[in-house]
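# Chain and residue survey
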Amino acid sequence: LFHDRPWLSGWGLLAIYLGSIVLTSVVAAIAGRYLNLKASDQCFQMELPPWRAPLWIPLIRQSLRQTRRFITGAGPIIFGLSILLWTVSVFPNEEMPFIMHIGEFIGPIFKPMGVDWRVGVAILFSFAAREVFVSALVLVFALGAQDGSFIAPLQSAVFMDSGAPIFTIPSIVGLIIFFMIAMQCAATLATARREMNGWTLPMIQLLGFIGLAYGLAVIAVQGLQLLGF
C-alpha cells in the first residue's frame, strides 16, 4: 500500500511490533486491576537454551514444515473464501451483485476509518483468517482490471462518490492500527473459548478489542487528516 513510499513499509512493520507491546502492557495492566486477575504466588522459572549459531539443516526443515502447515491449513480457507467472495461479486449480475448490497449496509461504518465498503468487505472476510484480507482486497479491487494486474488497482483505488484516493497515509495507518488490535481471527476466538471453558470472556475480548481497534483507528485517521496528511 505504501507503493510510492517504500521506506514507510518498514516503519509500519516496526510500529506494529512496538505498538503491540505497549498496548498489550496497558491492556494487561487494566485487566489485572479491574478484573481481579491475580498471578499465582508460586515463582515461575523458564530456562532458555544457550545462544549458539543456528544449525542450518534443522532450520531449513523447520521452515519448510511451517510453510507446509500454513499452506495446508490456511490455504484451503483462503481459497474457499476467495471463491465465495468472487461469487457474491458477480452474481446475480455484474451491475448490481450481492456484494453491492453488503457494501451499502457496511459502507457508513468504515467511512470514518478513511476506507470504503470494498475494504470493509475484505475486513469482514478476514475474520475467518487474517491472511484472507490480502486476497479479498486484491480480488475486490482487481475485478475490473483488464490487464491482469493486481497491485495497480490498489494503487489507483478511489472512492466511487468523490474520486478521492482510498489508500492514503491516514487510511493505511488506520488499517495497521485496526489489525494490530482487533481480534480478527475465528480460530483465536475458538481457542479462547476452549481454554476459558465458556463464552463470556472470549466475547468480551472479541467485542472489546474490535471496539478499541475501531475507535483508535478512527481517531488516528481523523487526526492525521486534520494535520493535512
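Shown above is the structure to which this text applies.
Residues numbered from 1 in each chain as written. Predicted model: local features only at pLDDT ≥ 70, side-chain atom pairs only at ≥ 80, totals over all residues. Heavy atoms only, no water.

### Some points on a positive patch on the surface
Residues Arg-61, Arg-65, Arg-68 and Arg-69 make up a contiguous surface patch of positive charge. Secondary-structure assignment places Arg-65 in helix α2 (residues 56-73). For Arg-65, a relative accessible area of 38% puts it in the partly exposed group. (Patch = residues over 30% accessible without salt bridge, like charges linked within 9 Å, V, L, I, M, F, W, Y side chains within 5 Å. Areas by Shrake-Rupley, 256 points an atom, 1.4 Å probe, with all protein chains shown as cover. Salt bridge = Lys/Arg side-chain N within 4 Å of Asp/Glu carboxyl O. Lys, Arg positive; Asp, Glu negative; His and termini not counted. Charge placed at Lys NZ, Arg CZ, Asp CG, Glu CD. Helix = DSSP H or I, 4+ residues; strand = E, 2+ residues; numbered from the N terminus. Buried < 20%, exposed > 50% of the residue type's maximum accessible area, 1.4 Å probe, protein only.)

### Side note on helix α1 (residues 7-34)
With 28 residues, α1 should reach 40 Å at 1.5 Å per residue; the first-to-last C-alpha distance of 41 Å fits that figure. Among the structural elements, α8 (169-181) are those in contact with the buried residues of α1. (Expected span 1.5 Å × (residues − 1). Contact = heavy atoms within 4.5 Å.)

### Topic: the packing of helix α9 (residues 186-196) against helix α10 (residues 200-226)
Two elements in contact, α9 and α10, have axes separated by 8 Å at closest approach and are oriented at 150°. In terms of orientation, α9 and α10 fall into the roughly antiparallel class. As α9 runs across α10, the sense of the crossing is right-handed. Of the residues in α10, those in contact with Leu-189, Ala-192, Arg-193 and Met-196 of α9 are Leu-201, Pro-202, Gln-205 and Leu-206. Partitioned by chemical class, the residues of the contact of α9 with α10 number six nonpolar, one polar and one charged. (Axes fitted to C-alpha atoms, helices over the stretch in contact; angles between N-to-C directions. Parallel < 35°, antiparallel > 145°, perpendicular 65-115°, else oblique. Left-handed = near helix turned anticlockwise from the far one by under 90°. Nonpolar A, V, L, I, M, F, W, Y, C, P; charged D, E, K, R; others polar.)

### Let's talk about the packing of helix α5 (residues 117-125) against helix α6 (residues 132-142)
Running from N to C, α5 and α6 point in directions that differ by 150°, and their axes come no closer than 8 Å. Classed by the angle they form, the pair α5 and α6 counts as roughly antiparallel. For α5 against α6, the interelement crossing comes out right-handed. Here α5 contributes Arg-118, Val-119, Ala-122, Ile-123 and Phe-125 to the contact with α6, which in turn contributes Val-132, Phe-133, Ala-136, Leu-137, Val-140 and Phe-141.

Geometric descriptors of this kind do not, in isolation, establish any biological role.
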